[in-house]
Amino acid sequence: MKGVVVFLALAALGSAKPRLFETFQDHFQHFLDISNALEGAHWRRQQGQGYTPNPEYIEMLNKLSEQNLKQMLADLKKEPEVQDIIEYLDNLTIDVDYYVDNLQWIIQKLHANDTDGIPGVEFHHRTRRHPMTGTTMITALADTVSMLPIRQLRATFNEKMAKNQLFRTAIEGLKSDRFLTLYKALWKNEAFLKVRDILADCHFDLKYIFEELALSLLGQNDPIQVTFQIQFDEFLDIIVNMESPHWLRQLGGYKSFPEFKKSLSALSKTKLVRHYPQLNSASPAFKKVDAFLKRHGIFVAYWIDRTDFLTEFFEKNDHAIGCNEIIPTQESHRSRRHPMTGRTMHTFLADTVSLLPIRQLKSLFNEKMETNAIFKTAIEGLRSNEFKEIYNALWTDDVWLNLVDELKTEYDFDLKYVIETLAPALYGQNVPLYISFQTQFDEFFEIIIANVGDSINSLLKAYKQNDAFRASLDTIDNTVFIQLYQDLRNLDVFQTLDAYLKKHDVYVPYYIDRFEYLTHRLNTNVTAVGDLEIKQQSSQDITPSGTTMADFFADVVNILPKTELAALYTKKMSENTVFSTAVNSLTSAEGKKMYNDLWANRTFQAIANAYANYDFNFRYILETLVPALYGQ
């Protein structure tokens, strides 16, 4: 819930009358009014529809409302370190009582579920809204920071620094060495630390409030100051924008399987975050890992809470992740789509990894490693030998292993896979550890597009001038080949071959799905295939050898960059076990026999002949075109 977050609700004190800006508070109110005008609707929506229904959030709000903040400040004013910093701030026209009084007011209002006097608007000014990243007070604070209209706040800040002496003097005072000395002394005062601990027990982190939220309210949380956790949403945005239709389709497919649905349903009802305090108290090994990660800006509780939120959301609603709407479209953004390789939670996670836009995620990762100190510190901590040592020790701890076993047995939720494969993949960093035979086809495909994409496009334009070719292409484009696959599985010979291929990591539905996508593109627009742009490289058009679909395929095979494709094929056969295993299964005596048995089946022959009438030769496709795409 955004509103509870400290000073934001102070906007309730704002009005439309001209401001005199006599104190720092007057300027501060101006920033709050900007935030409220641009984000008030989103805060209210998140409060009412998002955080308020969650018992873990309400529990912390209840505890927070029981605290007498005014009395806490009054008691602290007896401390020399507190007196010194209050006197210094007072000289800058910064009134500490103002912030504490209004914070107490807004907490009480929200605890009573009374929004009277808290301004808000009924419509949204912004299209991009930060998702709800959890269900607790901790994530509510973090979500507030990420939702603020930083650009507008920063512009106002810069204008005030240039034109207003009072504001500039206050900010320079806050940035001075003298204030830094006073601030550090405050964090050594035992009475202040006791107050900090009391509020922390309510999930209200004073250090985060002072050093992250306060800055962001003035538009000063430059990306370098944004926590490692919040930066994850930039990666999530890439994933949602590029893969949402495919992911939605995949999730819907998995939900048709009882074993997956059972795991998701059970996991969505389980609050994994409850294990966090138990692990910290019962497992010294986990506590050591947790402490190390916190020192490097990584908060385990955040990720557990996020997982709880997402699994529950996936169970209830497939069409959004927080405020990031997943829009199912018929048009695919990328050419590569991974098949559903199973029916369980484990294969769903593996398929999700293989579906991720690794190249784009990796690009953002590299950029952050170069420009963002907080992100870089977190990643270097994870890569350090010190962390590897304590992480490996965790996997010998009985308490931890019992939890891992429980999650895997009851929910098919493999923590080792989630931590070591899925998590890095979300940042584009597992490239992946296991690359399926299907995924590797893209490397060949990219060579083809880069070398002869424009030539194929030229051929296509020429062939489309012929009625026979257009008729064949329309027929193929309107054929639901995945349904043909399901029908063929009723043939024992096809089912036997299909099972054999799957055992060797060759998934027929992937290629059917891919072929359907490509034929649709061929029939509509081929200036790009997925995110691979076809760039014009030659000025000469290619002359077609005929007028039919068969002639087109033969011309494509003829112009493929055979040398480059064959070189990659040879390299993979010698270096990549997954690739060579799949290829060897296709060329083995056992594989050839099953393939020949399929062609001896009269039902399959009849189906093949029917498509041959549309100038679509199954045998040519399987035995000539497909091998040629691999340089063979």
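Residues numbered from 1 in each chain as written. Predicted model: local features only at pLDDT ≥ 70, side-chain atom pairs only at ≥ 80, totals over all residues. Heavy atoms only, no water.

- As recorded by an unreviewed UniProt entry, the protein chain carries the name Nitrile-specifier protein and is attributed to Pieris brassicae.

Observations concerning the overall build of the protein chain
Stage number 1. Across its full length, the protein chain carries 33 helices and four strands.
Stage number 2. Across the 632 residues that make up the protein chain, the buried fraction comes to 52%.
Stage number 3. Within the protein chain, counting contacts between residues at least 6 apart in sequence, those at least 24 apart form 80% of the total. (Helix = DSSP H or I, 4+ residues; strand = E, 2+ residues; numbered from the N terminus. Buried < 20%, exposed > 50% of the residue type's maximum accessible area, 1.4 Å probe, protein only. Contact = heavy atoms within 4.5 Å.)

Describing empty space enclosed by the protein
Stage number 1. Taken as a whole, this structure holds three cavities of 30 Å³ or more when the rule is applied.
Stage number 2. Contributing to the lining of the second largest cavity are Leu473, Ile476, Phe515, Thr519, Leu522, Met549, Phe553 and Phe616.
Stage number 3. If one sorts the elements of the lining of the second largest cavity by residue count, helix α27 (residues 508-523) sits on top with three residues. (1 Å grid on protein atoms, 1.4 Å probe; cavity = no way out; pocket = protein on both sides within 12 Å on 5 of 7 lines; lining within 4 Å. Points joined across faces, edges and corners; volume = space filled by probe spheres on them.)

Focus on the pattern of salt bridges
Stage number 1. Going through the model one piece at a time under the given rule, you end up with 20 salt bridges.
Stage number 2. Residues Lys502 and Asp498 are paired through a salt bridge, measuring 3.9 Å at the closest nitrogen-oxygen approach. Pair noted here: Lys502 and Asp498 are both in helix α26 (residues 492-503), with a separation of four residues, about one helical turn.
Stage number 3. Given a relative accessible area of 1%, Asp498 falls into the buried group.
Stage number 4. Within the structure, one salt-bridge network assembled from shared partners comprises Glu56, Lys271 and Glu312. (Salt bridge = Lys/Arg side-chain N within 4 Å of Asp/Glu carboxyl O.)

Here's the deal with the environment of Asn91
Stage number 1. If you trace the backbone, Asn91 turns up in helix α4 (residues 80-91).
Stage number 2. Judged by its relative accessible area of 60%, Asn91 is exposed.

Some words on a negative patch on the surface
Stage number 1. Taken together, the side chains of Asp84, Glu87, Asp90, Asp95 and Asp101 define an acidic patch exposed on the protein surface.
Stage number 2. When you line up the elements, Asp84 lands in helix α4. (Patch = residues over 30% accessible without salt bridge, like charges linked within 9 Å, V, L, I, M, F, W, Y side chains within 5 Å. Areas by Shrake-Rupley, 256 points an atom, 1.4 Å probe, with all protein chains shown as cover. Lys, Arg positive; Asp, Glu negative; His and termini not counted. Charge placed at Lys NZ, Arg CZ, Asp CG, Glu CD.)

What about the packing of helix α14 (residues 275-282) against helix α21 (residues 398-411)?
Stage number 1. At a minimum axis separation of 10 Å, α14 and α21 run at an interaxial angle of 150°. On the basis of the axis angle, α14 is roughly antiparallel to α21. Contact with α14, carried on its side by His275, Leu279 and Ala282, involves Val399, Trp400, Leu403 and Glu406 of α21 and no other residues of that element.
Stage number 2. Of the residues belonging to the contact of α14 with α21, the class tally is five nonpolar, one polar and one charged. (Axes fitted to C-alpha atoms, helices over the stretch in contact; angles between N-to-C directions. Parallel < 35°, antiparallel > 145°, perpendicular 65-115°, else oblique. Nonpolar A, V, L, I, M, F, W, Y, C, P; charged D, E, K, R; others polar.)

Description of the packing of aromatic side chains
Stage number 1. Enumeration over the complete set of coordinates arrives at 45 aromatic pairs.
Stage number 2. Between Phe235 and Phe375 the ring centres are 5.9 Å apart and the planes differ by 15°, which places this aromatic pair in the stacked class. Of this pair, Phe235 sits in helix α12 (residues 228-254) while Phe375 sits in helix α19 (residues 373-383); the two residues are 140 residues apart in sequence, bridging distant segments of the chain.
Stage number 3. Note on Tyr595 and Trp599: the rings are 6.4 Å apart at their centroids and 70° apart in plane angle, and the pair reads as edge-to-face. Within this pair, Tyr595 and its partner Trp599 are both found in helix α31 (residues 589-600), separated by four residues, close to a single helical turn.
Stage number 4. Residue classification places Trp599 among the buried positions, given a relative accessible area of 12%.
Stage number 5. Aromatic ring contacts, followed pair by pair, group Tyr463, Phe469, Phe552, Phe553, Tyr595, Trp599, Phe604, Tyr611, Phe616 and Phe618 into a single cluster.
Stage number 6. Over the ring of Trp395 we find Lys416, and its NZ or CZ is 4.0 Å from the ring centre. (Phe/Tyr/Trp six-rings, centres within 6.5 Å; stacked < 30°, edge-to-face > 60°. Lys NZ or Arg CZ within 6 Å of the ring centre and 35° of its normal.)

Quick notes on the side chain of Lys271
Stage number 1. Residue position: Lys271 is located in the loop between α13 (258-268) and α14.
Stage number 2. Not counting chain neighbours up to four residues away, the residues in contact with Lys271 comprise Glu56, Thr135, Asp308 and Glu312.

Looking at helix α10 (residues 190-200)
Stage number 1. All buried positions along α10 are accounted for by Phe192, Leu193, Val195 and Leu199. Viewed end-on, α10 has its buried residues packed into an arc of 155°, placing them on one side of the element. In α10, the exposed positions angled more than 90 degrees off the buried face are occupied by Glu190 and Lys194.
Stage number 2. Along its buried surface, α10 packs onto α2 (55-65), α3 (69-76), α9 (177-186) and α11 (206-217). (Arc of directions from axis to C-beta.)

What to know about the packing of helix α30 (residues 577-587) against α31
Stage number 1. Where α30 meets α31, the axes come as close as 5 Å, and the angle between the chain directions of the two elements is 55°. For the element pair α30 / α31, the angle class is oblique. Contact residues: Ser585, Leu586 and Thr587 in α30; Ala589, Gly591 and Lys592 in α31.
Stage number 2. Taken together, the residues of the contact of α30 with α31 sort by class into two nonpolar, three polar and one charged.

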